[in-house]
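Chain residues, written in single-letter form:
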Amino acid sequence: MKHLHSGKVRDLYTDRDGELLLVASDRVSVYDVALPTPVPGKGKILTQLSLWWFDQLAEVVPNHVISATDVPAEWAGRAIRCRRLDVVQVECIARGYLAGGGWKSYRADGHISGVELPPGLVEGDRIPGGPIFTPTSKVAPEDGHDEPMTFAEVTSLVGADLADKLRSMTLEIYTHAAAIAEKHGVILADSKFEFGVTPEGELIVADELCTPDSSRYWPLDGWKPGGSQPSLDKQYLRDWAEAVPGWDKTSPGPEMPADVVAAIKRRYVTIYEQLTEQPWQE
Ligand SMILES: Nc1ncnc2c1ncn2[C@@H]1O[C@H](COP(=O)(O)OP(=O)(O)O)[C@@H](O)[C@H]1O
Ligand SMILES: [Mg+2]
């Protein structure tokens, strides 16, 4: 097993035939900075939830999973054997609701990643006319934060053909996933997808899928546009990090106290259990 790269939360290895082992650690990142305090069990929850989603959406889009069980014993539950792809350098975000950076951008000038929205919307609103594609650049952690990209910028980066495919696949995956989530009593407000190209030239979905690290989840029965929403994702962590005195969102991040770790863990378990309708087992 050869170590290739460590991202903010996952470690990548290659194995026989160049297959990839994607190993989710218990690290958490916020505002693109990995924090020094782990959340025990988090990597396993995210891996299992991602696998559940790959399965749920297998008919909608092909994915990079080869096996969830053919992995070294020490990483059981937190690793996925997958196809090593040429990852498209665009973070493909679909938004069905106004929140986070999307809300900030709309409030500033009525647009998100160059997409114009009607005036008068409030935070937490469902986006009229259906979900929108609001890509960002995919940058190395040391290069700072992801920046919004217009569709024209995506086109000039990857070509018109691929840009069109990224947009239509992103919106299609989101639409299916949001409908599934809603059946389980949660709103999938937005989600980020990464795509990769196979050696045969096929575009498939990579990375993680609809986890609370890559998505916003809101309990359906608590949804009330007009402010920030109660959430089952990393919003709690963002709110906490935002309030840490003197932290300017650069590395190193602040240590998390035990009660914050527990609160975050509880949210990861809750969203896993609510979606899969299975109890989480450590
Ligand atoms: N099938 C794949 N082939 C190659 N790279 C992949 C694949 N799936 C995911 N990746 C990459 O693995 C990394 C996952 O680790 P992560 O900690 O999320 O990194 P980051 O800090 O870049 O978000 C990402 O850079 C992602 O693009
Ligand atoms: Mg990532």
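All of the points below concern the structure found in this document.

About the criteria used
Residues numbered from 1 in each chain as written. Chains lettered and ligands numbered in written order. Predicted model: local features only at pLDDT ≥ 70, side-chain atom pairs only at ≥ 80, totals over all residues. Heavy atoms only, no water. Helix = DSSP H or I, 4+ residues; strand = E, 2+ residues; numbered from the N terminus. Rg over C-alpha atoms; globule rule 2.2 N^0.38 Å. Buried < 20%, exposed > 50% of the residue type's maximum accessible area, 1.4 Å probe, protein only. Contact = heavy atoms within 4.5 Å. Areas by Shrake-Rupley, 256 points an atom, 1.4 Å probe, with all protein chains shown as cover. Axes fitted to C-alpha atoms, helices over the stretch in contact; angles between N-to-C directions. Parallel < 35°, antiparallel > 145°, perpendicular 65-115°, else oblique. Left-handed = near helix turned anticlockwise from the far one by under 90°. Phe/Tyr/Trp six-rings, centres within 6.5 Å; stacked < 30°, edge-to-face > 60°. Lys NZ or Arg CZ within 6 Å of the ring centre and 35° of its normal. Near = heavy atom within 4 Å. Polar contact = N/O pair within 3.5 Å; in protein donor to acceptor, adjacent residues only side chain to side chain. Salt bridge = Lys/Arg side-chain N within 4 Å of Asp/Glu carboxyl O. 1 Å grid on protein atoms, 1.4 Å probe; cavity = no way out; pocket = protein on both sides within 12 Å on 5 of 7 lines; lining within 4 Å. Points joined across faces, edges and corners; volume = space filled by probe spheres on them. Nonpolar A, V, L, I, M, F, W, Y, C, P; charged D, E, K, R; others polar. Core = buried A, V, L, I, M, F, W, Y, C linked by side-chain atoms within 4.5 Å.

Focus on the overall build of the chain
Inference 1: Per the secondary structure count, the chain includes 6 helices and 16 strands.
Inference 2: At 18 Å, the chain has a C-alpha radius of gyration in line with the 19 Å of a compact globule built from 282 residues.
Inference 3: With the principal axes as the frame, the chain shows a C-alpha extent of 55 × 50 × 40 Å.
Inference 4: Out of the 282 residues in the chain, the part that is buried amounts to 51%.
Inference 5: For the chain, the share of sequence-separated contacts (at least 6 apart) that also reach a separation of at least 24 residues comes to 62%.
Inference 6: Roughly 13000 Å² of accessible area belongs to the chain as shown, and the carbon and sulfur atoms make up 51% of that amount.

Brief notes about the packing of helix 3 (residues 151-158) against helix 4 (residues 160-183)
Inference 1: Two numbers describe how helix 3 lies on helix 4: the axes approach to 7 Å, and their chain directions differ by 130°. What the angle tells us is that helix 3 and helix 4 run oblique. The two elements helix 3 and helix 4 meet at a crossing, and its hand is right-handed. Of the residues in helix 4, those touching helix 3 at Phe-151, Val-154, Thr-155 and Val-158 are Ala-160, Leu-162, Ala-163, Asp-164, Leu-166 and Arg-167.

So, the packing of aromatic side chains
Inference 1: In the structure shown here, the tally under the stated rule is 7 aromatic pairs.
Inference 2: Three or more aromatic residues link up through ring pairs in this structure, and these residues are Tyr-97, Trp-218 and Trp-223.
Inference 3: Between Lys-249 and the ring centre of Tyr-31, over which it is positioned, the NZ or CZ distance is 4.0 Å.

What about the site of ligand 1?
Inference 1: Not every one of the 16 residues close to ligand 1 is listed here, only the nearest: Lys-8, Val-9, Arg-10, Arg-83 and Glu-194.
Inference 2: Between Val-9 and ligand 1, the recorded distance is 2.8 Å, taken from a backbone N or O atom to an oxygen atom.
Inference 3: Here a nitrogen atom of ligand 1 sits 3.0 Å away from a polar atom, N or O, in the main chain of Leu-85.
Inference 4: When isolated, ligand 1 has an accessible area of 560 Å², and the protein chains bury 89% of it.
Inference 5: Counting only elements with at least two residues in the shell around ligand 1, the list comes to strand 2 (10-14) and strand 3 (20-24).

A few points about the pattern of salt bridges
Inference 1: Applying the stated criterion to the full structure yields 18 salt bridges.
Inference 2: Of the charged contacts, one joins Glu-208 and Arg-10 as a salt bridge, the two residues approaching to 3.7 Å between their closest N and O atoms. Placement of the pair is Glu-208 in the loop between strand 15 (203-206) and strand 16 (215-219) and Arg-10 in strand 2, with a sequence separation of 198 residues. There is no split in this pair, since Glu-208 and Arg-10 are both buried.
Inference 3: Linking Arg-216 and Asp-190 is a salt bridge whose minimum nitrogen-to-oxygen distance equals 2.9 Å. Pair noted here: Arg-216 is in strand 16 and Asp-190 is in strand 14 (residues 186-197), with a separation of 26 residues, a long-range link.
Inference 4: On the accessibility criterion, Arg-216 (10% relative accessible area) is buried.
Inference 5: Assessed through its relative accessible area of 5%, Asp-190 is described here as buried.
Inference 6: One network of salt bridges, with partners in common, ties together Arg-10, Glu-91, Lys-138, Lys-192, Glu-194, Asp-207 and Glu-208.

Let's talk about the layout of surface pockets
To locate leftover empty space, one rolls a probe as large as a water molecule over the atoms.
Inference 1: Looking at the second largest pocket, its volume works out to about 170 Å³.
Inference 2: Put simply, the parts of the chain that give the lining of the second largest pocket at least two residues each are helix 4 and strand 14.
Inference 3: Classifying every residue of the lining of the second largest pocket by side-chain character gives 8 nonpolar, 3 polar and 2 charged.

Side note on the nonpolar core
Inference 1: In this structure, Trp-53, Phe-193, Phe-195, Leu-209, Tyr-217, Met-256 and Leu-275 are the most contacted members of the largest nonpolar core, which totals 59 residues.
Inference 2: Elements represented by at least two residues in this core include exactly helix 1 (42-56), strand 9 (90-95), helix 4, strand 14, strand 15, strand 16, helix 5 (235-242) and helix 6 (258-276).
Inference 3: If we ignore the near neighbours within four places in the chain, the residues touching Trp-53 are Ala-177, Ile-180, Ala-181, Leu-209, Cys-210, Tyr-217 and Leu-275.
Inference 4: Listed in part, the 8 residues of the second largest apolar core include Trp-103, Ile-112, Leu-117 and Leu-121.

Such coordinate-based values are descriptive only and should not be taken to indicate function.
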